[in-house]
Amino acid sequence: MTTMRRLLLGLLAALLLMVAVLPRTTLAAPAAQSTACLFFTETGGGQGGFSVCDDGQAQFRAAFQQWGLQKVGYPVSRRYSRDGFVTQAFQKAIMQWRQDSNGVVLVNVFDDLHNAGYDQRLLETRQTPTQLPPGWDGAGLTFQQVVQKRQALLSARPALRTAYFASSDPLTFFGLPTSEVKDMGNHYAVRLQRAVLQEWKEDVPWARAGQVTIANGGDISKELGSLPVEALVAEAGPPAPVAGVPPAPAPPASPAPAPPAGPGASVGLPTRLRIPDLGVNAAVESVGQTSSGAMDVPQGVMNVGWYNLGARPGQVGNAVMSGHLDDYKGDAAVFWRLNELQVGDIVMVADANGREYRYEVIDKETYRFDDPVPLNRIFGYSVTSNLNLITCNGTWDRNARNYDKRLVVYTRLVR
């Protein structure tokens, strides 16, 4: 439905995608750069950012500049070693430096997730079709025949086929289809080696009916926990240039030190939100910005979305999570009962380091859809550790296809 998208557009007009809509966007300027590196803060969670460098280890900056933000997204990790090769994850792709060819290749992200046993979680949380069975291609085919047979699967949905071949190099950026086109309820989906294409039957917060979106392989790998934890620790700042020696942003041998002592010390990425009084026990999706600059929303209607350009729960500042009120059929979603919370009720967030943060509700406000909202209070600077929860509220307007109010629950860390 369009409700959450409109809600969050209204809440935040200056906030890249877990789901990237196909129309092109321009490459954003990096926050800072050194001699051989670009440094981006967009995915640093308010704790720094990630470098993309050319040096003696790998030439990731050159590949990033050649392919562009629209194709690979912002970096979401430091460098790390994968199968003996220097690797770095981006929102939409994972780059790997191959010394044998002296170049960058893109990892078959969804093949790796299949091999690591994530297919069931992908199906349940991301509505990603399972892979074709081994031997599906048959014996004795040439590579070109395999390509033709696999790409023919896309003919089941012309919009998906058009989106696939709209890429300047679909084999490089998408790889081959690894599933048949599947009806997933509110959309059709096809799994590729490096992405998932989704054609929506109904309006949803991130797309109109008939539109095709791309599920981001790098972000999903990060969300599922398949990337090394130490590689996800943001760098405090861009590497300092050294005369004649390009800087190398390889991750440390051991996990990077935790932030300074205080509410933000040893804070990991949020993994679950629990609200005992409401029976909520939800997985946390990491969301950033839509292509229009608004805060994105979670894909799963029973998940919550944590805004990864703000504070993490447990850190000083305003952490923000959004959730759906209901789904496109009108059935209850994760925040269906959020309006029942009262001052003094408890909200808990678990992180990837095994810690749990306990928040107490201090206020809740309902804002009419067309009225201004206190953006600074929700997203702005704070000297305390807060968690603000956002969803729709009020009455469904059939003509506007929107709820007429939005609800924000304000909570503060108590331990």
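Note that the structure is predicted; figures quoted are calculated from it, not measured. Each chain carries its own residue numbering, running from 1 in the direction its sequence is written. Reporting of local features is limited, given that this is a predicted model, to residues whose pLDDT is at least 70; pairs of side-chain atoms are given and counted only at 80 or more, and all residues count toward the totals for whole chains, interfaces and linings. Side-chain measures here rest on the full set of heavy atoms in the structure, leaving out hydrogens and waters.

Moving on: the overall build of the protein chain. Counting from the N terminus, the helices are the DSSP runs of H or I reaching at least four residues and the strands are the DSSP runs of E reaching at least two. Secondary structure assignment for the protein chain yields 10 helices and 20 strands. The buried label goes to any residue with under 20% of its type's maximum accessible area, the exposed label to any with over 50%, and the partly exposed label to all in between, with areas taken from a 1.4 Å probe on protein chains only. Across the 415 residues that make up the protein chain, the buried fraction comes to 54%. Per-residue and other accessible areas were derived by the Shrake-Rupley procedure at a 1.4 Å probe size, with only the shown protein chains allowed to occlude residues. With the model as given, the accessible surface of the protein chain reaches about 17500 Å², and the carbon-plus-sulfur share is 50%.

In this section: the packing of aromatic side chains. For Phe, Tyr and Trp, where Trp contributes only its six-membered ring, two rings pair if their centres lie within 6.5 Å, and the inter-plane angle classes them as stacked under 30 degrees, edge-to-face over 60, or tilted in between. Summed over all chains, the structure comprises seven aromatic pairs. Judged by centre distance (5.3 Å) and plane angle (55°), the ring pair of Phe 40 and Phe 64 falls under tilted. Remark: Phe 64 occurs in helix H2 (residues 60-67) and Phe 40 occurs in strand S3 (residues 37-40); sequence separation between them is 24 residues. Accessibility assignment for this pair places Phe 40 and Phe 64 in one class, buried.

By definition, two strands form a pair when at least two bridges between them are found by DSSP. Taken in spatial order, the four strands make up an open sheet running S5-S6-S7-S8, and their pairing is antiparallel. In this open sheet, the two edge strands, each paired with only one partner strand, are strand S5 (75-82) and strand S8 (103-106). When the angles between neighbouring strand axes are averaged without regard to direction, this sheet yields 25°. Where strand S7 (residues 94-98) and S8 come together, four bridges link them in antiparallel fashion. Looking at the pairing, Trp 97 lines up with Val 104 of S8. The strands touched by H2 within the sheet are S5, strand S6 (85-90), S7 and S8, with S7 carrying the most contacts at an inclination of about 130°. A fitted line through C-alpha atoms represents every axis, and for helices the fit uses only the stretch in contact; the resulting angles, taken between N-to-C directions, go from 0 to 180 degrees. Two residues form a contact once any of their heavy atoms are found within 4.5 Å.

So, about the state of the cysteines. We call a pair of cysteine sulfur atoms a disulfide whenever their separation is within 2.5 Å. Evaluation of the coordinates by the stated rule reveals one disulfide. The disulfide partner of Cys 37 is Cys 53, and the gap between their sulfur atoms is 1.9 Å. With the S-S bond torsion at 110°, the cross-link from Cys 37 to Cys 53 turns out right-handed. Here Cys 53 lies in strand S4 (residues 50-53) and Cys 37 lies in strand S3, a separation of 16 residues in the sequence. The pair Cys 37 / Cys 53 is uniform in exposure class, with both members buried.

Helical geometry note: an α-helix holds 3.6 residues per turn, so side chains three or four residues apart project in the same direction. Inspection of H2 places Phe 60, Arg 61, Ala 63, Phe 64 and Trp 67 among the buried residues, and these make up the whole buried set. Burial along H2 is one-sided: seen end-on, the buried residues are contained in an arc of 165°. Two residues or fewer past H2, Gly 68 is found with a positive phi of approximately 90°. Picture the helix axis, draw a direction to every C-beta atom, and the arc is the one those directions span.

This paragraph deals with helix H5 (residues 119-126). Looking only at H5, the buried set comprises Asp 119, Leu 122 and Arg 126. Buried residues of H5, viewed axially, fall in a sector of 75°; they line one side. Following H5 by one or two positions, Gln 127 has its phi on the positive side, about 50°.

Among buried residues, those of type Ala, Val, Leu, Ile, Met, Phe, Trp, Tyr and Cys that are joined through side-chain atoms within 4.5 Å constitute a nonpolar core. Ranked by internal contacts, the top residues of the largest apolar core, which has 44 residues, are Leu 273, Ile 275, Met 321, Val 347, Leu 387 and Leu 389. Ranked by size, the runner-up nonpolar core spans 18 residues in total, among them Ala 63, Tyr 74, Ala 93 and Trp 97.

What follows concerns the packing of H5 against helix H9 (residues 217-224). The geometry of H5 relative to H9 is characterised by a closest axis approach of 12 Å and an angle of 105° between their N-to-C directions. Relative to H9, the element H5 lies roughly perpendicular. For the pair formed by H5 and H9, the contact residues are Arg 121, Leu 122 and Arg 126 on the first element and Ile 220, Glu 223 and Leu 224 on the second. The residue classification treats Ala, Val, Leu, Ile, Met, Phe, Trp, Tyr, Cys and Pro as nonpolar and Asp, Glu, Lys and Arg as charged. All others, Gly included, are polar. Residues belonging to the contact of H5 with H9 are distributed by class as follows: three nonpolar, no polar and three charged. Note on angle classes: values under 35 degrees are labelled roughly parallel, values over 145 roughly antiparallel, values of 65 to 115 roughly perpendicular, and the remainder oblique.

Following the sequence through the fold, Asn 303 ends up in the loop between strand S14 (280-287) and strand S15 (304-307). What makes Asn 303 buried here is its relative accessible area of 10%. Pairs of N or O atoms are called polar contacts if they sit within 3.5 Å, as long as, within protein, a hydrogen donor faces a hydrogen acceptor (for residues adjacent in sequence, only side-chain-to-side-chain pairs). Reaching out from Asn 303, the side chain makes a polar contact with the side chain of Glu 285 at a distance of 2.9 Å. In this structure, Asn 303 is in contact with Thr 125, Ala 282, Ala 283, Glu 285, Pro 298, Gly 323 and Val 334, ignoring residues within four places of it in sequence.

Let us look at the side chain of Ser 385. Relative to the assigned elements, Ser 385 resides in strand S19 (residues 385-397). Taking relative accessible area as the criterion, Ser 385 reaches 5% and is therefore assigned buried. Among the polar contacts listed, one links the side chain of Ser 385 to the backbone oxygen of Gln 315, at a separation of 2.8 Å. Reaching out from Ser 385, the side chain makes a polar contact with the side chain of Tyr 359 at a distance of 3.5 Å.

Even without being a glycine, Asp 83 presents a positive backbone phi close to 55°. Residues other than glycine seldom take positive phi values, yet Gln 127 does so here, at roughly 50°.

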